[in-house]
Amino acid sequence: MTEADVRRAVASDAPAMAQIVCDWEGATDWMPTIYSVEEIAGFIRDALPTREMWVFGTPIEGYLSYVPEIDRVGGLYCKTPGSGVGRRLMDKVKAGRDFVWLRTHEPNLRAQKFYKREGFVEVSRHDAEPPNTVREIRMEWRR
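Residues numbered from 1 in each chain as written. Predicted model: local features only at pLDDT ≥ 70, side-chain atom pairs only at ≥ 80, totals over all residues. Heavy atoms only, no water.

> Even after reading the chapter, I still don't get the nonpolar core, so can you show me in this structure?
As a rule of thumb, nonpolar side chains are buried together in soluble globular proteins. Membership of the largest hydrophobic core comes to 21 residues, with the highest contact counts inside it found for Leu64, Val73, Leu76, Leu89, Met90, Tyr115 and Phe120. Of all the elements in the fold, those that place two or more residues in this core are strand E2 (52-56), strand E3 (62-67), strand E4 (72-78), helix H3 (85-94), strand E5 (99-105), helix H4 (109-117) and strand E7 (136-142). Examining the composition of this core, we find that 4 residues originate from one element, H3, more than from any other. When sequence neighbours within four positions are dropped, the list of residues in contact with tyrosine 115 reads Leu76, Met90, Leu102, Thr104, Phe120 and Met139. In terms of nonpolar packing, the next biggest core, distinct from the first, is built from 17 residues, Ala47, Met53, Tyr63 and Tyr77 among them. (Core = buried A, V, L, I, M, F, W, Y, C linked by side-chain atoms within 4.5 Å. Buried < 20%, exposed > 50% of the residue type's maximum accessible area, 1.4 Å probe, protein only. Helix = DSSP H or I, 4+ residues; strand = E, 2+ residues; numbered from the N terminus. Contact = heavy atoms within 4.5 Å.)

Listed below in structure tokens is the structure:
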């Protein structure tokens, strides 16, 4: 597993990326499934021109969506948590930056533990923005 395994996402990656999200939602009892794989793939394709989206592996094992205008990680999903994929993707986004923020779900203790290991600290808690229903935690990283 190397930095070379991380590349910019392209439109043809959207279905595989969306499947990772749907598989995670299906395996997570506290996270409602709101959108289909096809709808999520459409959201990903629509966001590609304005976001940095990074994928890891062939086939894709994980992806990260980053909104550069506001320094926000919009999503990080991995097929196999604990495999090092999330760390590789996060390293790619943090490289050359001094500040990054994100939101994670309150019940997602595994993600919170990962982000803390990556140097993020909790700064606030928020109600979810509709159509989501699960409360979120804002976390920030500074070099």
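> It is not clear to me how a nonpolar patch on the surface should be interpreted in this structure. Could you clarify?
Side chains of Ile34, Tyr35 and Phe43 sit close together on the surface and give an oily, nonpolar patch of about 250 Å² of accessible area. Examined against the element boundaries, isoleucine 34 turns out to sit in the loop between helix H1 (14-27) and helix H2 (37-47). The class for isoleucine 34 is partly exposed, based on a relative accessible area of 35%. (Patch = residues over 30% accessible without salt bridge, like charges linked within 9 Å, V, L, I, M, F, W, Y side chains within 5 Å. Areas by Shrake-Rupley, 256 points an atom, 1.4 Å probe, with all protein chains shown as cover. Salt bridge = Lys/Arg side-chain N within 4 Å of Asp/Glu carboxyl O.)

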